[in-house]
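Residue-level structural notes
So the chains spell out like this:
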Amino acid sequence: MIRLAIISFAHMHAYSYARAVKELEREGRAVLEAIYDDDHDRLRKTSEIYRPRKIYNDLEKLADDKDVDAVIITSENTKHKKHAIPMIMSGKHVLVEKPIATRYVDALEMVEEAKRVGVKFQTAFVMRYHDASVFVKRRIKEIGRVISITSTNHGKNPMSWFVDPELSGGGALMDHIVHVADLIRWYTEKEFKEVIAFVGKNIIKDLMVEDNGLVIGRLEDDTPVSIDCSWSRPSKWPVWGDVYMHILGERGAIVLNAFNQNIYLSDEEGFRGVYYGPDADKNMIESFINVIERDEEPLASGLDGLRALEVVLAAYRSLELKRPVKISEIRM
Amino acid sequence: MSKRVSLNIIGAGFIANELARALMMLDHVEIYGVYSRSIEKAREFARRHNINNIYDDWRRAVSDPHVEAVVIATPNYTHKEISVEAARRGKHIFLEKPIATRLRDAREIIEEAERNRVKLFVGHCLRYWPEYVRVREMILRGEIGEPRVVRVYRLSSFPKWSIWHRYMSFGGGVAVDLAIHDIDYLRWSIGEVSKVYAVGGVYTKYSVDAIDHVMYILEFENEAIGYGEASWAMPESFPFTTYLEIAGTKGLLYVDNRSTATYNEYIDNKIITSSPYDKNAYYNELKAFIRWILYDEPVEIRPEDALESLRIALAINKSIEKKEVIDVKKADLE
């Protein structure tokens with residue numbers, strides 16, 4: 001039985017991960033050993049909801065806790081490294097929310113440190129654990145060589161710290177490129193070669209980060225791919241957003257619309273879609289536990305996190321340079 | 001009896017057939033004759049649409065004194081020569097999109113029409129499709145605020161009703177023939193395009209050298225951005241797909257042709273998904289053309305619009321060739 005700690009509930013995914021951990025606790029697979037948070041109010045509230053065995057507001061003490069086997073890091077993007085390194089050093093396995101970090105050197109340090117110490121390091125690319133997405137991975141050879149991929153990861157503007165560049169490291173590009181960039185790498189087993197991004201005038205006024213973005217890239221064999229990472233869904237849109245792809249191969253096409261399973265409902269709260277699809281969050285955490293117990297490699301590793309971050313960083317660089325940027329250019 | 005416009009249809013292919021069906025429903029129109037390079041094809045077309053006269057010489061068809069207008073629906077690369085001749089013969093011209101495959105050809109057509117004082121209507125039919133018209137009205141009324149992020153698809157398997165699509169020099173490729181619909185619509189609804197970046201290439205075995213798959217990003221002068229995709233490279237079984245999405249400062253809208261289809265047909269492994277109505281965009285645009293001739297009523301498209309939309313389509317091809325961002329005003333797109 002793996003004893004888990006959750007580091008920070010800054011990212012809303014923490015709530016779903018905690019819920020999944022508690023379900024696994026009831027199934028005898030895991031224990032929610034501790035919660036750490038640098039926000040005292042939030043720590044009090046979440047500990048009341050999820051009832052961990054311990055709570056911490058001192059990261060060193062969590063690192064020293066020998067009862068914690070592994071941590072799930074769901075803090076603000078720019079804090080990931082600060083939260084991950086002490087855990088790795090004390091031999092704890094790490095599942096880190098995406099993006100792995102906001103700077104290339106930070107991500108590299110995390111990946112290398114985990115490798116040196118020999119702990120499992122998994123990136124929370126939850127789409128690799130979504131059943132429809134897994135089905136694409138299983139079926140993709142059927143359409144022959146992939147020749148073009150169009151993808152979207154739309155969402156509502158998450159606001160809060162996501163629009164504070166000090167904490168988020170960027171806006172829609174930082175938040176929403178990585179999921180689909182990772183799926184593209186996973187499905188095709190090819191790396192990105194170069195990308196160019198376009199950002200228009202913001203949808204919401206007076207933000208300090210971009211809330212929209214369109215990306216076109218080329219994979220190592222020149223396969224063209226596109227990503228729409230915009231936070232373009234209004235706050236009252238009936239669903240959160242989408243993960244959509246159409247993949248064209250030499251022998252056919254596959255269309256993935258991963259969050260299309262919704263029951264549509266109109267009530268006092270308005271018109272909305274109620275999701276009933278696969279529980280990818282739980283699948284992912286269960287997989288993390290299996291990886292630790294069976295000493296396997298994570299399906300989405302730290303290196304996968306780093307590779308997806310490179311796409312984001314090249315996209316940002318292309319905005320400055322106003323031209324396509326090679327991934328190799330941002331590794332310097 | 002009220003006045004009628006007598007016209008000849010130049011071409012007897014896929015789109016000529018659609019246009020003829022629409023013309024049959026219009027008052028004040030007489031289809032006098034039809035031209036096809038193959039007299040057999042012209043005869044068959046004439047029989048189908050109850051047309052009395054046939055031609056296998058387009059010069060005779062565009063100069064016949066019995067008609068005051070022509071509807072040109074021939075392959076893209078022939079548009080210039082036929083339109084210029086029709087203008088010189090004083091005929092009003094309905095010209096199927098794209099206006100031409102090269103900018104200088106487009107300019108020559110426009111100049112010749114002006115010189116001879118004939119009306120030139122280029123059939124950018126999205127300006128007359130109900131959902132696209134409705135979306136533009138919503139934008140203009142400010143229902144979604146200022147447009148910011150746009151998304152358009154126009155996805156099809158390879159058109160096999162004719163062979164000219166397969167050659168870049170005859171059809172202009174999928175950007176000039178298909179993406180131009182959305183480009184023209186977005187220029188009309190969102191604003192002028194300043195920059196273009198695109199990827200794509202020759203994807204299918206049907207294409208000889210025509211670019212048949214394009215993915216493009218448009219940057220508009222008003223700082224909106226748009227992603228578009230036009231393809232002839234989809235599998236045979238992939239239903240023709242159009243999609244339009246616009247995120248604005250006050251709201252988001254989208255409409256697609258598949259979830260709004262009112263008619264679906266499944267016979268063996270052939271699937272038809274459509275929204276049939278008689279008074280469709282072809283009807284609407286031809287009606288506008290006829291009323292322009294008869295009553296000088298304003299129409300939704302000026303010849304210069306067709307030229308500018310062609311310029312953006314050519315910028316897509318140029319970006320694919322050069323692998324760089326194309327500045328529409330500065331680039332040499334001749």
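Quick caveat, the model's predicted, so the values are computed rather than measured. Position numbers for residues start from 1 in each chain and track the written sequence from start to end. Just so you know, chain letters begin at A and ligand numbers begin at 1, following the order they were written in. Reporting of local features is limited, given that this is a predicted model, to residues whose pLDDT is at least 70; pairs of side-chain atoms are given and counted only at 80 or more, and all residues count toward the totals for whole chains, interfaces and linings. Side-chain numbers here rest on the full set of heavy atoms in the structure, without hydrogens or water.

Secondary structure elements follow DSSP: runs of H or I no shorter than four residues count as helices, runs of E no shorter than two count as strands, and numbering proceeds from the N terminus. Check the secondary structure of chain A and you find ten helices and 15 strands. This radius of gyration counts C-alpha atoms alone. The globule rule is 2.2 Å times how many residues there are, raised to the power 0.38. Relative to its length of 332 residues, chain A is compact, with a C-alpha radius of gyration of 19 Å against a globular reference of 20 Å. Principal-axis analysis of the C-alpha atoms places the extent of chain A at approximately 55 × 50 × 45 Å. Exposure categories follow from relative accessible area, calculated using a 1.4 Å probe and restricted to protein chains: below 20% of the type maximum is buried, above 50% is exposed, and the middle band is partly exposed. Across the 332 residues of chain A, 64% fall into the buried class. Whether two residues touch is decided by their heavy atoms; if any such pair falls within 4.5 Å, the residues are in contact. Relative to all contacts within chain A whose residues are 6 or more apart in sequence, the contacts with residues 24 or more apart total 71%. Computed by Shrake-Rupley with a 1.4 Å probe, the accessible areas treat only the displayed protein chains as cover when residues are assessed. Approximately 13,400 Å² of chain A is accessible, and the part contributed by carbon and sulfur atoms is 50%.

So, about the pattern of salt bridges. All names here are of chain B. The salt bridge criterion pairs a side-chain nitrogen of Lys or Arg with a carboxyl oxygen of Asp or Glu, the two atoms within 4 Å. A full pass over the atoms with the stated rule returns 74 salt bridges over all chains. Its salt-bridge partner being E192, residue R187 comes within 3.0 Å of it at the nearest N-O pair. Note on E192: relative accessible area 34%, which makes it partly exposed.

The interface of chain A with chain B comprises 39 residues on the first partner and 35 residues on the second. Accessible area, probed at 1.4 Å, shrinks when two parts are joined; the buried area is that loss added up over both. Across the interface of chain A and chain B, roughly 3,000 Å² is buried in total on both sides, 70% from carbon and sulfur atoms. Of all residues in chain A, F198, K201 and I216 of chain A bury the most surface against chain B, accounting for 22% of the area lost on that side. Counting the contacts that link chain A with chain B gives two salt bridges. We call two N or O atoms a polar contact when they sit within 3.5 Å, provided that within protein one can donate a hydrogen and the other can accept it, with sequence-adjacent residues counted only if both atoms are side-chain atoms. Linking chain A with chain B are ten residue pairs in polar contact (both at pLDDT 80 or more), by the criterion used here. When residues of the side of chain A that touches chain B are traced back to their parent elements, those giving at least two are β7 (146–152), β8 (192–198), β9 (214–219), β10 (224–228), β11 (244–249) and β12 (252–257) of chain A. Broken down by element, the side of chain A that touches chain B gets its largest block of residues, six residues, from β7 of chain A. In this classification, the charged set is Asp, Glu, Lys and Arg, the nonpolar set is Ala, Val, Leu, Ile, Met, Phe, Trp, Tyr, Cys and Pro, and all remaining amino acids, among them Gly, are polar. Looking at the side of chain A that touches chain B residue by residue, the classes come out as 18 nonpolar, 14 polar and seven charged.

This next bit is on helix α1 (residues 13–26) of chain A. Residue and element names in this part refer to chain A. Under the 1.5 Å per step criterion, the end-to-end length of α1 is 20 Å for 14 residues, consistent within 8% with the ideal 20 Å. Here α1 has its buried residues at A14, S16, Y17, A18, A20, V21, K22 and L24. Contacts from the buried residues of α1 go to β1 (2–7), β2 (30–36), α2 (40–50), β4 (70–73) and α9 (280–293). Expected helix span is given by 1.5 Å per residue-to-residue step, counting one fewer step than there are residues.

As a further point, take unusual backbone geometry. A cis geometry characterises the amide bond from K98 of chain A onward to P99 of chain A, with omega recorded as -15°. Assignment of secondary structure puts P99 of chain A in the loop between β5 (93–96) and α5 (104–117). Of the consecutive residues K97 of chain B and P98 of chain B, the connecting peptide bond is found in the cis state with omega at -10°. Along the chain, the position of P98 of chain B falls in the loop between β5 (92–96) and α5 (103–115). With a phi angle near 60°, D206 of chain A is a residue other than glycine that sits in the positive phi range. As for its position among the elements, D206 of chain A is in the loop between β8 and β9. Positive phi outside glycine occurs at D296 of chain B, with the angle close to 60°. For D296 of chain B, the location among the structural elements is in the loop between α9 (281–295) and α10 (303–322).

Across soluble globular proteins, nonpolar side chains have a tendency to be buried as a group. Counting 97 residues, the largest nonpolar core has I177, F192 and I247 of chain A as its most contacted members. Broken down by element, the residue count for this core peaks at ten residues, all from helix α8 (residues 172–188) of chain A. In this view, I247 of chain A contacts V136, I140, I143, V146, S148, I149, Y187, G252, A253 and I254 of chain A; residues no more than four positions away in its chain are not counted. Membership of the second largest hydrophobic core comes to 72 residues, among which are A61, V135, I211 and L333 of chain B. Side-chain atoms within 4.5 Å link the members of a nonpolar core, which is a set of buried Ala, Val, Leu, Ile, Met, Phe, Trp, Tyr and Cys residues.

Moving on: the sheet that holds strand β4 (residues 69–72) of chain B. Pairing between sheet strands relies on hydrogen bonds along the backbone, with the strands arranged either parallel or antiparallel. Residue and element names in this part refer to chain B. Pairing within the open sheet is parallel, and its six strands lie in the order β3-β2-β1-β4-β5-β6. Where the open sheet ends on each side, the last strands, each with one partner, are β3 (53–55) and β6 (120–123). For this sheet, the mean inter-axis angle between neighbouring strands, taken without regard to orientation, is 25°. Strand pairing follows a simple DSSP-based rule, namely that at least 2 bridges must link the two strands. Strand direction decides the pairing type here: strand β1 (residues 5–10) and β4, joined by four bridges, are parallel. The residue of β4 that forms the bridge with I9 is V71. Angular values range over 0 to 180 degrees, each being the angle between N-to-C directions of two axes fitted as lines to C-alpha atoms, with helices fitted over their stretch in contact.

Residue and element names in this part refer to chain A. Burial along β4 is two-sided: A70 and I72 facing one way and V71 and I73 facing the other are all buried. Inspection of the sheet shows β1 paired to β4 by four bridges, in the parallel sense. Bridge assignment links I6 to a residue of β4, and that residue is I72. Strand direction decides the pairing type here: β4 and β5, joined by four bridges, are parallel. By the bridge assignment for β5, I72 is matched with L95. By convention a crossover is right-handed if, when the strands point away from the viewer, the path from the first strand over the helix to the second runs clockwise. On the question of chirality, the crossover connecting β4 to the parallel β5 by way of helix α4 (residues 80–89) is right-handed.

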